[in-house]
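The primary structure of each chain is shown beneath.
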Amino acid sequence: MEVAVTDRGGDGPVVVLLHGLAGSSRELLPTADALADSFRTVLIDQRGHGNSTRRPVDVSREAFVGDVVGVLEEVVPGERVRLVGQSMGAHTAMLTAAARPDLVDQLVMLEGNAGGDERPDGARKIGKYFASWPVPFADEASARSYLGDGVLAVAWVNDLERTPGGLRPRFDADVMEATIAAVQADRWAEWEGLAVPTLAVFAQNGMFTGAQKDELIRRRPGTRRADIAGGSHDAHLDAFDRWIEVLRGYLNE
């Protein structure tokens, strides 16, 4: 099992960045570079994604947490880090901080939650969508034609792997389905017992309802909350300036 790590260097406290489902560390490089003047930034391709092992045997939440812990102990031994994640990456980051508070100084969750998803077919629909992609794409133009020009689609296109047969995503649909199914189980116990200072960041046009956002804070009143105007679930891409402003402000406290 290989876990790909990108260390962007920089001086200052260590910030570790975790991407969301079907993404990779590539989409968080602009975030890392925006922090480079004050922090050392490290990015992880989570298992099943990017340049990490594509088809891991285990896609449990515990396996994802174990990967992050392993990276922290190897790359920054003896240091506590600022752990930042988006969506599924926020979920991984939260569980890591809950399991190993000795390794995490601050936690930032962008568009993350602990309440799970009660829709029984949610993971299946996500897997079906990724399986529907007509891959390999002949070139970037054909990929853009199919995927569209939204910020997430652009990130997907930019991250396609060049193979002899054409361009392919760096993930498999069935692995994504199994991975998100595990994320969709509620983890309120870990959230409510979390001892690490935490900032929950939500976007105006993100995936969570007002009730879901309020419930997250109600269950852990000490949590800081920030709301980004106009951003989507991928606010690190389509509300970048505001995201960096919020992130830097918290990390510099």
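As a convention, each chain's residues are numbered from 1 in the sequence order in which they are written. At least 70 in pLDDT is required for a residue's local features to be given in this predicted model, at least 80 for side-chain atom pairs to be given and counted, and no such filter applies to totals for whole chains, interfaces and linings, which use all residues. Neither water nor hydrogens contribute to the side-chain values; these are computed over all heavy atoms in the structure.

Participant: Is there a simple way to think about the pairing of strand β3 (residues 40–44) in this case?
Facilitator: Looking down a regular strand, the side chains alternate between one sheet face and the other. Relative accessibility under 20% of the residue-type maximum defines a buried residue, over 50% an exposed one, and the middle range a partly exposed one, all with a 1.4 Å probe and only protein chains included. Strands here are runs of E lasting at least two residues and helices are runs of H or I lasting at least four, both read from the DSSP assignment and numbered beginning at the N terminus. Here β3 lies mainly inside the structure; 5 of its 5 residues are buried. Side-chain alternation along β3 places R40, V42 and I44 on one buried face and T41 and L43 on a second face that is also buried. Here, any two strands with at least 2 DSSP bridges between them count as paired. Looking at chain direction, strand β1 (residues 5–9) and β3 are connected through 4 bridges and run antiparallel. Its bridge partner being in β3, V5 is matched across the sheet by I44. Two elements, strand β2 (residues 14–18) and β3, share 5 bridges in a ladder whose sense is parallel. Paired with L17 across the strands is L43, a residue of β3.

Participant: Just checking my understanding: could you explain the pattern of salt bridges for this structure?
Facilitator: Pairing is possible between side chains that carry opposite charge, provided their charged atoms lie close to one another. Each reported salt bridge corresponds to a side-chain nitrogen of Lys or Arg within 4 Å of a carboxyl oxygen of Asp or Glu. The final tally for this structure, using the stated rule, is 26 salt bridges. Residue R8 is joined to D33 by a salt bridge in which the shortest nitrogen-to-oxygen separation is 2.9 Å. Taken together, the residues span a long stretch of sequence, with R8 in strand β1 and D33 in helix α1 (residues 29–34) at a distance of 25 residues. Here R8 falls in the partly exposed class, since its relative accessible area comes to 40%.

Participant: What's the story with the side chain of Q46 in this structure? I'm lost.
Facilitator: Inspection of the secondary structure puts Q46 in the loop between β3 and α2 (61–75). Taking relative accessible area as the criterion, Q46 reaches 3% and is therefore assigned buried. Between N or O atoms, a polar contact is any pair within 3.5 Å; within protein, one atom must be a potential hydrogen donor and the other a potential acceptor, and residues adjacent in sequence are included only when both atoms are from side chains. At 2.8 Å, the side chain of Q46 and the side chain of T92 are in polar contact. Two residues form a contact once any of their heavy atoms are found within 4.5 Å. Every residue in contact with Q46, bar those within four places of it in the chain, is listed here: L18, H19, S52, F64, M88, G89 and T92.

Participant: Quick question: what am I supposed to make of the nonpolar core here?
Facilitator: Soluble, globular proteins show a tendency: their nonpolar side chains are buried together. As used here, the term nonpolar core means buried Ala, Val, Leu, Ile, Met, Phe, Trp, Tyr and Cys residues forming a set that is joined through side-chain atoms within 4.5 Å. Formed by 32 residues in total, the largest nonpolar core has its most connected members in V16, L83, M94, L107 and W191. Beyond its immediate sequence surroundings of up to four residues, L83 is in contact with V16, L18, V68, A93, T96, V104, Q106, L107 and V108. With 23 residues, the next largest nonpolar core counts L35, A235, I244 and Y250 among its residues.

Participant: Got a minute to help me understand the layout of surface pockets in this structure?
Facilitator: Once rolled over the atoms, a probe with the size of a water molecule shows which space is left empty. Put simply, the largest pocket is a space of about 750 Å³. In terms of lining residues, the largest pocket is bounded by 32 residues, among which S87, I126, I180, M207 and H233 are the most central. When contributions to the lining of the largest pocket are tallied by element, the ones reaching two or more residues are α3 (88–99), α4 (122–131), α6 (151–158) and α7 (173–183). Per element, the largest residue contribution to the lining of the largest pocket is 4 residues, and it comes from α4. Basically, the charged four are Asp, Glu, Lys and Arg, the nonpolar ten are Ala, Val, Leu, Ile, Met, Phe, Trp, Tyr, Cys and Pro, and anything else, Gly included, counts as polar. A class-by-class count of the residues in the lining of the largest pocket yields 12 nonpolar, 13 polar and 7 charged. A cavity here means a set of 1 Å grid points, computed over protein atoms only, where a 1.4 Å probe fits but cannot escape. A pocket is an open set with protein on both sides within 12 Å along at least 5 of 7 lines, and lining residues have an atom within 4 Å of a point. Grid points are joined across faces, edges and corners, and a volume is the space filled by probe spheres set on the points.

Participant: In this structure, what is going on with the pairing of strand β8 (residues 198–205)? I would like to understand it.
Facilitator: For β8, a buried count of 6 out of 8 residues is recorded, marking the element as mostly surrounded by other parts of the structure. Both strand β5 (residues 104–110) and β8 contribute to a ladder of 4 bridges, which runs parallel. Across the sheet, the residue bridging to L107 is T198, located in β8. For β8 and strand β9 (residues 224–232), the ladder comprises 6 bridges, and the chain directions are parallel. Paired with V201 across the strands is A226, a residue of β9. In terms of handedness, the path from β8 via helix α9 (residues 210–219) over to β9 forms a crossover that is right-handed. Assignment of crossover handedness uses the view with strands pointing away from the viewer, where a clockwise path from the first strand over the helix to the second indicates a right-handed crossover.

Participant: Help me understand α9, please; the structure alone is not making it clear to me.
Facilitator: Structurally, the α-helix is built with 3.6 residues per turn, so residues lying three or four positions apart point the same way. Of all the residues in α9, the buried ones are K213, L216 and I217. For α9, the angular spread of buried residues about the axis comes to 90°, placing them on one side. Residues A211 and R218 are exposed on α9 and point more than 90 degrees away from its buried face. In this structure, the buried residues of α9 make contact with α8 (188–192), β8 and β9. It is the directions from the helix axis to the C-beta atoms that the arc portrays.

None of this, on its own, says anything about what the molecule does.
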